[in-house]
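The primary structure of each chain is shown beneath.
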Amino acid sequence: MPDFLNPALPFIAMALAVVAGLTLSWLLRKIVLKLNRNRPELQATSRVARQPLRLALCLVGVRAALGLTAAGESWHAGVDHLLLIAMIGAFAWLAIAVLLIVEAVVLNRHSVDVADNRRARRLRTQMILARRIAVALVVVLALGTAMLTFPAIQALGAGLLASAGVISIVAGLAAQTSLVNVFAGMQLAFTDAIRVDDVVVVQKEWGRIEEITLTYVVVHLWDDRRLILPSTYFTTTPFENWTRRQSEVMGTVEFDLDWRAPVEDMRTELRRVLAGTELWDKRVGVLQITDATGGFVRVRILVSAADSAALFDLRCLVRETMVTFLQQNHPQALPHQRWEQAADDAGTAARRKAPLRGLGASGAAGAHAPADPHESQLFTGSIEAVERSRAFTGPGDEVFEERDRNLASHN
């Protein structure tokens, strides 16, 4: 080989290696797509791995080409080390892309756009969390492998392993809360306590599980707010899961009406409303009187729907229709307040006109019992009552005279 080609040989080899890497990545992608041509979801998701595959194959080719053509050069060791670190990063990137492709393929095969999607939502939750754990492991392993390529770090490893016990205790105490949340997140995903898209009630707020991470859970509330809770909340605090086994739910609509409420007419109207709407799932539609005290009758309507969102709209529809029906056809059934006044007889009127007679201070009331035991006085009707009245007569004149004499003698 001519001498003028020797300096350019490594660069020619690198160019050929890059071309070979790009060609090989193109062939591999075509082969994979052809073998999986019946899976349209793979056509879209395979683009995620295109760039990391090209980069990894090109770096492998360049490193091999430099090893064959420039092994004796002074700069080869440093460049080879940089290429090695870049290869580690490229393969980590490729592994993460493969994990994303596997997740997308599995989730597309189990759609959640069906009526009974409990199994699909459980699998979706588990796949998302497993992919995140795997990505975290890949990143940690890639960083650790890249650091071990440095000789100084390798020498330091022996000292670090010697004190691993102390460091693990300190790290465990420092990261206790985070680790608890991580294990709580794994527990939620793989024990099927909650799943993505589950309808829950937490802290008196209604919403859907939007995202489950290793440390926290995002709840999409009904008014488009996001409630972010630590994973430990769902393992230590009671909460409502409306779609734990099935999405069908029941709800009530209650009215406090007058005693003249037309119950049968209301039942007929309820049947008409339920038959004319798609919100009702035809399982339960009942109207009952559940209470009749306090001047009202309580009418309760129990209805069912396919999910909580449909149930809310159905309850509003039934409530509005029933209120309009009673207003237009049975206004007497609306709540009324009644005040009734009993008719006074002649004796009651006479007693109201008679003045109240007080009791004398010297006990004259005890000697004169009222002729009519039903007179409107405080203590009347018996000798015992008259005797008890003396406790309310107060002291007599003789008590005041005795007190004056005592004061005069002391002065």
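Residues numbered from 1 in each chain as written. Predicted model: local features only at pLDDT ≥ 70, side-chain atom pairs only at ≥ 80, totals over all residues. Heavy atoms only, no water.

1. Regarding a negative patch on the surface
A surface patch of negative charge is lined by Glu-398, Glu-401, Glu-402 and Asp-404. Tracing the sequence through the fold places Asp-404 in helix H15 (residues 397-410). (Patch = residues over 30% accessible without salt bridge, like charges linked within 9 Å, V, L, I, M, F, W, Y side chains within 5 Å. Areas by Shrake-Rupley, 256 points an atom, 1.4 Å probe, with all protein chains shown as cover. Salt bridge = Lys/Arg side-chain N within 4 Å of Asp/Glu carboxyl O. Lys, Arg positive; Asp, Glu negative; His and termini not counted. Charge placed at Lys NZ, Arg CZ, Asp CG, Glu CD. Helix = DSSP H or I, 4+ residues; strand = E, 2+ residues; numbered from the N terminus.)

2. Topic: the environment of Glu-103
Residue position: Glu-103 is located in helix H4 (residues 76-109). Once residues lying within four places of it in the same chain are set aside, the contact partners of Glu-103 are Met-127, Ile-128 and Arg-131. (Contact = heavy atoms within 4.5 Å.)

3. Description of the side chain of Asn-241
With respect to the helices, strands and loops of the structure, Asn-241 is situated in strand E5 (residues 240-241). A distance of 3.2 Å separates polar atoms of two side chains, one belonging to Asn-241 and the other to Asp-198. The contact partners of Asn-241, leaving out residues within four places of it in the chain, are Ala-193, Ile-194, Asp-198, Val-199 and Val-200. (Polar contact = N/O pair within 3.5 Å; in protein donor to acceptor, adjacent residues only side chain to side chain.)

4. So, the UniProt feature "transmembrane region" (unreviewed entry) in the protein
Per the UniProt record, "transmembrane region" (unreviewed entry) is annotated on residues 12-32, 53-71, 83-107, 128-150 and 156-175. Its end C-alpha atoms 30 Å apart, residues 12-32 is made of 100% helix and 0% strand. A helix fraction of 91% and a strand fraction of 0% characterise residues 128-150, whose end C-alpha atoms lie 34 Å from each other. (UniProt positions renumbered as here; feature names shortened; annotations may be inferred.)

5. What to know about a nonpolar patch on the surface
A contiguous nonpolar patch, built from Trp-26, Leu-27, Ile-31 and Leu-35 and spanning about 460 Å² of accessible area, is present on the exposed surface. With respect to the element layout, Leu-27 can be found in helix H1 (residues 9-35).

6. Some remarks on the pattern of salt bridges
This model, assessed by the stated rule, comprises 13 salt bridges. A salt bridge links Arg-195 to Asp-198, with the nearest nitrogen and oxygen atoms 3.4 Å apart. By the burial criterion, Arg-195 is buried, and Asp-198 matches it. Between Glu-269 and Arg-272 there is a salt bridge, and its shortest N-O distance comes to 2.5 Å. (Buried < 20%, exposed > 50% of the residue type's maximum accessible area, 1.4 Å probe, protein only.)

7. Quick notes on the sheet that holds strand E1 (residues 199-202)
Read from one edge to the other, the open sheet built from 5 strands follows the order E4-E3-E2-E1-E5, with strand pairing classed as antiparallel. Where the open sheet ends on each side, the last strands, each with one partner, are strand E4 (226-230) and E5. Relative to strand E3 (residues 216-221), strand E2 (residues 205-212) runs antiparallel, the two sharing 5 bridges. Paired with Arg-208 across the bridge in E3 is His-220. (Pairing = 2+ DSSP bridges.)

8. Considerations on the packing of helix H3 (residues 50-69) against H4
Contact geometry for H3 and H4: axes closest at 8 Å, N-to-C directions at 155°. One finds that H3 runs roughly antiparallel with respect to H4. Handedness of the H3/H4 crossing: left-handed. Residues Gln-51, Pro-52, Leu-53, Leu-55, Ala-56, Leu-59, Val-60, Val-62, Arg-63, Leu-66 and Gly-67 of H3 form the contact with H4, whose participating residues are His-76, Val-79, Asp-80, Leu-83, Leu-84, Ala-86, Met-87, Ala-90, Phe-91, Trp-93, Leu-94 and Ala-97. Tallied by class, residues from the contact of H3 with H4 come to 18 nonpolar, 3 polar and 2 charged. (Axes fitted to C-alpha atoms, helices over the stretch in contact; angles between N-to-C directions. Parallel < 35°, antiparallel > 145°, perpendicular 65-115°, else oblique. Left-handed = near helix turned anticlockwise from the far one by under 90°. Nonpolar A, V, L, I, M, F, W, Y, C, P; charged D, E, K, R; others polar.)

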